[in-house]
Structure formats: structure tokens, C-alpha cells
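What follows is each chain in one-letter form.
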Amino acid sequence: QRGLLTLGLVCLLPADEVTGYGPVFEEQPVDTIYPEESPEAKITMNCRARANPPATYKWKLDHMEIDLNAEGSHYSLAGGNLVISNPDKTVHVGKYSCLATNTYGTVISREASVQFGYLDLFSSEERSSVYVKEGQGAVLLCAPPPHYPAELSFRWILNEFPTFIIPDKRRFVSQITGNLYISKVDSSDRGNYSCIASSPSISKSVFSNYIPLEPQTERPIRKYPADLRVKFPDTTALVGQNVTLECFALGNPVPEVRWKKIDGHLPSNHEVRMTGTQLHLYNVQFEDGGTYKCEAVNSKGKDYHTARVSVEAFPEWVEHISSTEKDLRSDYTMSCKASGKPKPHIRWLKNGEPVDRNEMRFSSLTFDDSGMYQCIAENRHGVIYANAELRVFACAPTFERNPVKRVLAAKNGRVVIECRPKAAPKPAFSWSKDTELLSNSTRVFIWEDGSLEILNVTRADEGRYTCFAENDRGKANSTGDLLVMDSTKITLAPSNTDVKVGENTSMQCAASHDQSLDITFIWSLDGRVIDLHKDSQHYERTNHNSNGELLIKNVQLKHAGQYTCTAQTPVDNITASAHLVVRGPPGAPGGVRIIEKTDKSVKLQWSRGADNHSPISKYTIQYKDQFSNDVWKNATTFPVNVEGNAEMTTVVDLIPWTDYEFRVIATNTLGTGDPSNPSPIIKTLEAVPVVAPSDVGGGGGASRELTITWTPVKPKYYYGPNFGYIVAFKPQDEQEWKRVAVADPQARRYVHKASDIPPLTEFQVKVKAFNVQGEGPYSLTAIIYSAQDAPAEAPAVVEARALSAKAATVSWMPLSYSNLDGYQVKYWESGQSEGQAETIGVSSRENHTKLENLRPYTEYIIEVRGYNSAGYGPPSHHFRVLTKKPPPDRAPKIIAKKVKGQSINIAWEQVEPMANESSIEGYRVLYRPEGQTTGTLYNTYKRNIDLPLPPNGNYVVEVRAHTEGGDGATTTVQITGNKVILS
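The rules behind each value
Residues numbered from 1 in each chain as written. Predicted model: local features only at pLDDT ≥ 70, side-chain atom pairs only at ≥ 80, totals over all residues. Heavy atoms only, no water. Helix = DSSP H or I, 4+ residues; strand = E, 2+ residues; numbered from the N terminus. Rg over C-alpha atoms; globule rule 2.2 N^0.38 Å. Buried < 20%, exposed > 50% of the residue type's maximum accessible area, 1.4 Å probe, protein only. Contact = heavy atoms within 4.5 Å. Areas by Shrake-Rupley, 256 points an atom, 1.4 Å probe, with all protein chains shown as cover. Polar contact = N/O pair within 3.5 Å; in protein donor to acceptor, adjacent residues only side chain to side chain. UniProt positions renumbered as here; feature names shortened; annotations may be inferred. Salt bridge = Lys/Arg side-chain N within 4 Å of Asp/Glu carboxyl O. Disulfide = S-S within 2.5 Å. pLDDT = per-residue confidence, 0-100. Pairing = 2+ DSSP bridges. Axes fitted to C-alpha atoms, helices over the stretch in contact; angles between N-to-C directions. Core = buried A, V, L, I, M, F, W, Y, C linked by side-chain atoms within 4.5 Å. Phe/Tyr/Trp six-rings, centres within 6.5 Å; stacked < 30°, edge-to-face > 60°. Patch = residues over 30% accessible without salt bridge, like charges linked within 9 Å, V, L, I, M, F, W, Y side chains within 5 Å.

Asks: I keep staring at the overall build of the protein and nothing clicks. Help me out?
Replies: Scanning the protein for helices and strands turns up two helices and 90 strands. Computed over C-alpha atoms, the radius of gyration of the protein comes to 47 Å, more than 25% over the 30 Å expected from 2.2 N^0.38 for 983 residues, which places it beyond the range of a compact globule. Its C-alpha atoms give the protein principal-axis dimensions of about 140 × 95 × 65 Å. Across the 983 residues that make up the protein, the buried fraction comes to 44%. In the protein, of all internal contacts separated by at least 6 residues, the share reaching a separation of at least 24 is 64%. Surface exposure of the protein reaches about 51,300 Å², of which carbon and sulfur atoms provide 48%.

Right, dumping it as C-alpha cells:
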């Protein structure tokens, strides 16, 4: 404090001015996550402050000062930075703050946490297989291991790295739980799945054990309604942040996910991502808060979920403190205000120590009030700091920095001569003109701050004026001259003008002024100064010395209003104004609303907008419905023409049970104006459907079935809720129609099953729509045929034989059934269940096929059945076949390579098969040019072969053992000219 007291004894001149100041942070510590497995065995917390004299530093951990010199301490200082060597989780976790101090005071940094990050390995326990019927949904649990911090990202691999699962409409990876969701499992999903959990904070990833997924064949594949399994929770978002909401449903067909905001439209800053499963809100604002709904829909049903998004805010300064100097014994208030949600709590520090006040109010400042002050605002989302230095000083008056200046005044005008000495406490002021002491009168006033005001200035007021200032520390004075100039007068004022949109016009303005002064003309419109540079497209000034004419080009409605010309010199200014009336197309009507509605019409009401000085001649009504792709269309009204004096009309030819919004556009002789704001969205009343399904047909299907198909009615023609179809059908030779209701509005077919339906019989069919109001008209009648019967016989004399260790052939006697589409061959290992069987389809023109990719030396069970559009026939008797033993997995070992004239002899050792391998029947030698896959194939029972030397180029010799189970492993020999290389 002694330095500050010394400062208060005298007001120092600029040459001696104190350049010292208190600490100002340039770098502060930040939250740090130290990976437990980090190879760098230290943590550095940064702290740097600008100060004169330079600052010294201390650190606190959880509000306790750290003893840097303690024995065995892990702490050290590098400048102001705190270095923690060999960090220990049990000792060094907590909240750190830095204190910077010099002779002017102390400031404390924001708190920063140190935490230890880790991501453990997944459990080593084997994951159980997941068995799911095809068509059903599946959920594979990630179950991430213990970790810190909480934020992880998740991916899944299938069978091997890096074959990643790409999320799509059918598959979804939750970034909250890590679970993998498959809405509808099919055979392609078979495999082993592993969850990868990654921590971006510590740059580490871990893999789970594989989870086998086994789809189970089911024919026919059943359909399941939408079932939401991923549901976003109630969520709190901060203003300015991004937030992602997740929803995903199981079901067959794959459900479609739709998003809504219950209490309004989805925010403009939203994006639906990941094929509809994520709603992403960018740069969240308070108005984005509310209840959000995700709805999953498929043809079998729908499911929905709602939850709230609450928006809160990090503290933000509305008003905060800044460094200042104040007079001794003056009053002063430091004020801090912060916004945020929840409302932030304000607290104060002086020189790093808490001050128990809500507001820093000083009624009479003393030198002890000098120091470094900090205002802190915090809520549950964070903390913000504002720092400032307060200096209290006292000195005798001095005009060294701010003497009384020479002043110019306009004749008959008003002038103020400032007196601003540096002084503390505040001095008393007096004035003199030449040698005469001045006092307050009707024309002359001495202000509280020392300034001198003179009204109705005359030439006699010219002279030398002296200001005297005195306080308990001393006194001083300063003198300046007052010169009186001719006043400025408007000689040509602007006049009221009337123009049409698009025309050009001008505003006149001229003035007389003291010729020793420069004059400037400034134009404003309705009190706002016109920027001639920015709006040069419409405004232009003529640059004559005493003429300020303003040219207005291509006038628009926005240019109407009061124009003010200000003629200004360094001494005075004077203004003159005029109005510009702009005639143009009408303004937008207001207050558009619906006051009556029916199924096909609404009565619309609105308020007239501005006619812009030209009477409105007519109105145009436009509409937008839920099916118009956000395009506005002209509506049909009754009466057809809506006159300009109308404020109501009836819109007709609307579609029942449809969401509409309307807007109104006014027109006059000068053009068509902007549209009104849209009306609130309304739904027209329900009505009986009038549109019948199209393309009615069908036929085929399974035995004893009648399949009827049609093209569904478009949603815009539903005309009401509970929409569905009435399907009517009868045999050609009968009179009575059978009727069946189908409740699904998206249905495209109906299959009628009855044991008494004869095969391939002619039926008449027709379909109509219905809703809650009644039934619509039938479609045209179509002729279709019932399904044929499935094959009744099983293929006979099934035979199979093994071709090798991995292949077999199957044959059977063809069926004599005339409507046969083909055969299904099913085969499986005798030790497995039939549910794990593989199938092959064979054309009806064939009676044999080849089975490949079998397991060596394994018994397979085989059955064959015929099928057509009505279904599968009975299976044949089971036939068993044993594949051959596999060939040896060891290649022949080359023991000799000799060139004899124009040939080369290659010899190899006998390959000895093991007990579980096929016997050697000979050897195969492929002789081919290098880079090609074909060449000359030689079969031999010997263990050597003579081959012709190649005339040119490089050749390759491949030698392999041949068995009934196939060919064994290959040995390769390269031949270049007469050189032989074993590879």
C-alpha cells in the first residue's frame, strides 16, 4: 500500500508517470485429463500474468496453498507454470488455481481440475451366441468396461478388423450405450461381432470378445410391428452447444423414424441424420426447448416416444468491472451483472481473498481501497471471472495534460469552454474574462465540472478566458481565447415530394456560412444518418461548396419518410426537413385467420395492409398443404374475384381432412405487394372417400389361396381417419360377393385362404376405400385366378456321390408335374440340426446339381423337393454321402533340377499321406509362362519329369500331389533361360 500512498501525494507529470500495474492474466490453467498409461510422467498446469513489477506465483489445490518446498514434493514451478512430476492418482486429483501477485495486488486464476483418464479392457468372459429368427430384430450389448471420462465413441466390426458395420436404415450403433441394433435380421447378418470402445480424451481403444450372431431360417419370414428400443432421455442442452437425440426401432418391414416438436415446428437449425435415427440440433437456443417426439412406423404398426429438451446457459457477462483510477474521498460503485440459466451467483475477491459483499459500493474512497478486484459469476454449468485494478489517488490541480483550449463560437449561438484539470479531491472553479471575474447570470453559467457556458453569443464576448481550480492540495489556472464567427443559415430548404416506386427525385438544400470555415451537409431519413457510400445504389450527393442537394435514384417504398438536411460547420449547424411520399405496390395484409371450415372450403379473414398511396384493386389467396412440397399455389375462391375493399372470402375446392395454411397478397395499379404471414395451420373436415384403388389384379400364391393386389390410394385422398380397403371377390359363375375389410392404408394385397378354393379357378375381384365417414366407390372389376396346388410328389431315386474332399454331385428322377418351377436341394452335416442346413435352387429343366465348399471327410444328409408358386412339395428320402479325405497339406519337396540339352529334369520326394488324408494317386505338373494362369498340364505316376526348355522368357513349374480328395499343396520352380530357381 505504501506505493499507492506515495502516488496520492502529487499528480505526476507525463514524463514521470507511473508505468506500473497489477497482474493481468495472459494464460490460465485448463482442465486436464492425464492418461494413467501416459509415457510422459508429468503434468504441466499453465499460468502467466502480465505485470509491472513482474508477478510472483503461488498455487492452491482444493483451496489449500501448495508447499513447493516440502520434502518429497512432486511439485515445482517453471515460470508461473506448475509442474507435477510422477503424478499420483491418490494425491494429485483435485481443483488447482494460480495466484499472481505484485506490489499492486493479487489475482487468482479460474479453477482447473486434474483427473486421471483410463479405459479398462473388456471382460475376458466368452460372449454367448445370439440366435434370432430371420425377420426379427436383434440387440447386441456392448457393455463397455470401466472408464473415465464418461465420453466414449463406439463402432462394431464383423468377423475381422477393419470390416466395420456401416450404420444404415436397418442397423444402428448407439453412441450412448454402444449397443448394436438390427431392426430386421437376415441371413447376411450371420457372423462374429465385436464392439470397439474409444476414448478420445486418452486416445485409446479396446475391443470386446466376439459375439456370434446366428440367424435362424424361418419360411415364410414373419412381419413385426415397429418397436422402439433406443429412446432419447430427458435432455439438458446449453445455449450455443449442439445436441443429438437418438431413436431406433426394431421391426419388419424396417420402420421409418420421423421427428416432431410437440409444441411447435422443428427448429430451423436441425438436421435429421443416420437415415432418420438421429435428430441433431445445432447452436441450441432457448426457443429450441420443449417436448420432442420420435415416431417409428411400418406397415404392421407404429410406436412413439416423447421426452423434454431443456435449454440452460453458461454464465455470460452483461456488465463487468474494468480497471480505473478514482479520486480520494469520491464515491464509486463496482458493478457486475451476468446472465445464465440457472441465474448465476455473484461473489467478489480483493487481492485473491473473498469479500463478503453483493456489490462493491464505496461512499468515500480511501487509499486502502486500492487493489486488484475480481468479480466471479457461477452456476452449475461453469464459472466466469472479471478482473480489474482500482487506484485511489489525490493531487493538486494541474492543467499540464489538458489546458483550456482556443474555442470558436457562432454569433447568436451557444458555446461551452471546458475546464478539465487533473485534481483530487475535486476542486472549486472560478472564471475571468480578460481582467474581469465572471459570475453566473442569465447568459453565463459555470457548470459543476468547471465548464463555462455562454448563451446568445455576440462579438463583445470575444476575448481571453481563464479558469481557476483549487483544492486542499493546491491551485492552478489556464487561459484560452474565444473567437466569434458568422452563424450558418439555410438559404434553400428541401420541399415535400411525391414519387412512384422506381422513379428518381432530388431534395434541395443550400446554406450560407462564415467563409473562413468549411461546411458539410449531412442527410438523414427519419432520424437515421444516410450512409452515401454504403447505399450509393440509391443516394448521391452533388459536391458544390454551399449546395447539399441529395439525388435519390430508383426510389423504393423503404425510402419514404422525413428527410432532414443538416448544414454543419466546426462552429454550428442548422437543419431543415421535408417529407418524401413514395407510391407503390401494397404492403402485406395482416392477421390472416380462418373463421369457418367444412370438408372442402374455409372462410378466410384478414386485415388490410398499407395501400402505399394507391388504392388496392384486388386480393390473391394462396395455400400450401401437407402434400405440396412447401410450394404455394393460387387458391380458388367464391366469388372468383376478391375485390380490393374485401377483408373476407371463401376458399373452395379443397381436399377433405388435409392440413392447410393460407396467405393473402394485395395488388394495386402499381403492382403486387409482399404476401402476408401464413395463417395458423388448420385441417379441413372429414368426408367419404371418392377415389378407388387402381391396378386391381392378383392371382398365384400358395395352394388354396386367392391373392388380390392393388395400388394403394395416395394419402391425400384418404379424406379421414381409420382409412382402409373393402376387398370383394366371387367365382365367375356365382352371384354373391364376399367382402373383407383391410385396415392398413398402405396395404397392397389381400390373401384369402380357404380349403374349398379350387386351383386355377377364375374369380372376379374389386376393391374400394373406406374411412370413419363411410365407403367410397368400387374400382373396376378384374378377372384373376386362384393359386395352383403345390407339387404332391417327392422326387424319387435320389443319388449322391463324393467328387472330392469338398464337392459332391446329386441327381434324382424328374417330376412329371406340369406347373413345376424348380427343385430345392437341402443338405447338412449329419451331426448338425436341420435348422443349420444349406439350400440350392435348381431349374425344373435339370435333375442334378453339384454341392461345393463341403467339409472334408464328413457325412452329409441330402433331401430334394419340388416347388412352384404355391409352395414346396414333400421332401425325398434322405440320402447320405461321405466326402473324400483331404489331400496332403504338404507340397512335394524338390530334390533335383538338371538341364539336359534342350530339356530340364525336375525330381521330387514322395509325399507320404497321413491317416486322415487321401492316398497319393499321382502328381500333376503345370508348366506355364510367368504371369499367366494357364499352360500345359502333365499327369505322372513318377516322381520326376522332363520338360522342354523355354525358347525365351520366364516360365513357372507347379508340382502338386493328386488324390481322390483333390490336389494337394503346390511347390513352384521358376525357369529363366537355362537357369532354375526354387521359390
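Asks: Just to check I follow, could you spell out the side chain of Thr-858 for this structure?
Replies: Checked against the element boundaries, Thr-858 lands in the loop between β79 (848–851) and β80 (859–868). In terms of polar contacts, Thr-858 uses its side chain to reach the backbone carbonyl oxygen of Arg-855, at 3.4 Å. Side-chain polar atoms of Thr-858 contact the backbone oxygen of Pro-856, separated by 2.8 Å. Those residues in contact with Thr-858 that sit more than four places away from it in its chain are Glu-829, Val-881, Leu-882 and Thr-883.

Asks: Before we go on, may I ask you to explain the UniProt feature "domain: Fibronectin type-III" (unreviewed entry) in the protein in this structure?
Replies: UniProt feature "domain: Fibronectin type-III" (unreviewed entry): in the numbering of this structure it lies at residues 588–687, 692–789, 794–886 and 888–983. Annotation note: span residues 588–687, helix share 0%, strand share 50%, distance between end C-alpha atoms 34 Å. As annotated, residues 692–789 comprises 0% helix and 50% strand, and the C-alpha atoms at either end are separated by 32 Å.

Asks: Would you explain the pattern of salt bridges in this entry?
Replies: For the coordinates displayed, the defined rule picks out 47 salt bridges. Linking Arg-739 and Glu-775 is a salt bridge whose minimum nitrogen-to-oxygen distance equals 2.9 Å. Separated by 36 residues along the polypeptide, Arg-739 in strand β70 (residues 738–742) and Glu-775 in strand β73 (residues 774–778) bring together distant segments of the chain. In this structure, Glu-775 engages Lys-768 in a salt bridge whose closest nitrogen and oxygen atoms are separated by 2.6 Å. Judged by its relative accessible area of 9%, Lys-768 falls in the buried class.

Asks: Any chance you could explain the state of the cysteines here in plain terms?
Replies: Two cysteines joined by a covalent bond between their sulfur atoms form a disulfide. In total, this model carries six disulfides according to the counting rule given. One disulfide bridge connects Cys-419 with Cys-467, the sulfur atoms lying 1.9 Å from each other. On the sign convention where negative is left-handed, the bridge of Cys-419 and Cys-467, at about -75 degrees about the S-S bond, is left-handed. Of this pair, Cys-419 sits in the loop between β39 (415–417) and β40 (422–424) while Cys-467 sits in strand β45 (residues 463–471), and the two are 48 residues apart along the sequence. Residue pairing for Cys-509: its cysteine sulfur links by disulfide to Cys-565, the two sulfurs lying 1.9 Å apart. The chirality of the disulfide connecting Cys-509 with Cys-565 is left-handed, given an S-S dihedral of about -80 degrees. With a gap of 56 residues between them, Cys-509 in the loop between β49 (505–507) and β50 (510–512) and Cys-565 in strand β55 (residues 561–568) connect regions that are remote in the sequence. Accessibility classification places Cys-509 together with Cys-565 in one group, the buried group.

Asks: What am I meant to see in the confidence of the model for the protein here?
Replies: For residues with low pLDDT, the predicted coordinates do not support detailed interpretation. In this model, the protein carries an average pLDDT of 91, and 97% of its residues clear a pLDDT of 70 or more. Scored below 50 in pLDDT, residues 1–10 makes 21 contacts in the model with residues more than four places away or belonging to other chains. The low-confidence segment residues 12–17 (pLDDT under 50) makes seven contacts with residues lying over four places distant or belonging to another chain.

Asks: I would appreciate a short explanation of the pairing of β80 in the present structure.
Replies: Each regular strand shows side chains that alternate between the opposite faces of the sheet. Among the ten residues in β80, eight count as buried, and that is most of the element. For strand β77 (residues 822–829) and β80, the ladder comprises eight bridges, and the chain directions are antiparallel. From the neighbouring strand, Tyr-823 faces β80, where its bridge partner is Gly-866. Where β80 lies against strand β82 (residues 879–882), four bridges are found, and the strand directions are antiparallel. Bridge assignment links Glu-859 to a residue of β82, and that residue is Leu-882. Sheet topology note: the β80/strand β81 (residues 871–872) ladder contains two bridges and is antiparallel.

Asks: Looking at this structure, how should I read the sheet that holds strand β29 (residues 324–327)?
Replies: Strand pairing in a sheet relies on backbone hydrogen bonds. The paired strands run either parallel or antiparallel. The mixed open sheet is built from five strands, whose spatial order is β29-β36-β35-β32-β33. Both edges of this open sheet fall to β29 and β33 (353–355), since each of them pairs with a single strand only. For this sheet, the mean inter-axis angle between neighbouring strands, taken without regard to orientation, is 35 degrees. With three bridges connecting them, strand β32 (residues 345–350) and β33 associate as antiparallel partners.

Asks: What's the story with the sheet that holds β39 in this structure? I'm lost.
Replies: Strand order across the open sheet formed by three strands is β39-β44-β43, with antiparallel pairing between neighbours. Across the chains shown, the open sheet's two edge strands, defined by having one partner strand only, are β39 and β43 (444–446). On average, each strand axis in the sheet is inclined to that of its neighbour by 15 degrees, with strand direction left out of account. Sheet topology note: the β39/strand β44 (residues 452–454) ladder contains three bridges and is antiparallel. What sits directly across from Val-415, in β44, is Ile-454.

Asks: Just checking my understanding: could you explain the nonpolar core for this structure?
Replies: Soluble globular proteins tend to bury their nonpolar side chains together. Among the nonpolar cores identified, the biggest contains 23 residues, and Met-45, Trp-59 and Tyr-96 are the most heavily contacted of them. Of all elements in the fold, only β3 (42–45), β4 (48–52), β5 (56–61), β8 (81–85), β9 (94–102) and β11 (112–119) reach the threshold of two or more residues within this core. Dropping the residues within four chain positions of it, Tyr-96 is found in contact with Met-45, Trp-59, Lys-60, Leu-61, Ile-66, Tyr-75, Leu-82, Ile-84, Arg-110, Glu-111, Ala-112 and Val-114.

Asks: What should I look at first to understand the environment of Thr-103 in this one?
Replies: Checked against the element boundaries, Thr-103 lands in the loop between β9 and β10 (105–108). Judged by relative accessible area, which is 58%, Thr-103 ranks as exposed. As for Thr-103 and Pro-53, which are separated by 50 residues in sequence, their C-alpha atoms are 7.3 Å apart.

Asks: Is there a simple way to explain unusual backbone geometry in this structure?
Replies: Leaving glycine out, the prevailing phi sign among residues is negative, and the prevailing peptide bond configuration is trans. Note that the residue after Phe-161, namely Pro-162, is joined by a cis bond; omega there is 5 degrees. As for its placement among the helices and strands, Pro-162 is situated in the loop between β15 (153–158) and β16 (171–173). With a phi angle near 50 degrees, Asp-526 is a residue other than glycine that sits in the positive phi range. By the secondary structure assignment, Asp-526 is in the loop between β51 (520–525) and β52 (528–529). Among the residues examined, Asp-526 registers a relative accessible area of 43% and is labelled partly exposed. Although it is not a glycine, Leu-760 sits at a positive phi angle of roughly 50 degrees. With respect to the element layout, Leu-760 can be found in the loop between β71 (749–753) and β72 (762–771).

Asks: Could you clarify how one ought to interpret the packing of aromatic side chains in this entry?
Replies: The geometry of an aromatic ring pair comes down to the distance between the two centres and the angle between the two planes. Under the criterion given, the structure shown has 22 aromatic pairs. Ring centres of Phe-362 and Tyr-373 lie 6.2 Å apart, and the angle between their planes is 80 degrees; this geometry places the pair in the edge-to-face category. In this pair, Phe-362 sits in strand β34 (residues 360–362) while Tyr-373 sits in strand β35 (residues 371–379), placing the two residues eleven residues apart along the sequence. Overall, the relative accessible area of 6% leaves Phe-362 in the buried class. Assessed through its relative accessible area of 1%, Tyr-373 is described here as buried. Site record: aromatic cluster; members linked through ring pairs are Trp-710, Tyr-718, Phe-723 and Tyr-725.

Asks: Hey, could you run me through a nonpolar patch on the surface in this one?
Replies: Judged by side-chain polarity, Leu-760, Ile-783 and Tyr-785 come together as a nonpolar surface patch covering roughly 290 Å² of accessible area. Within the secondary structure, Tyr-785 sits in strand β74 (residues 782–785).

Asks: What should I look at first to understand the side chain of Asn-81 in this one?
Replies: With respect to the helices and strands, the residue Asn-81 is situated in strand β8. A polar contact is formed between the side chain of Asn-81 and the side chain of Asn-46, at a distance of 3.4 Å. Residues within four places of Asn-81 in sequence aside, it is in contact with Thr-44, Met-45, Asn-46, Cys-47, Trp-59 and Ser-76.

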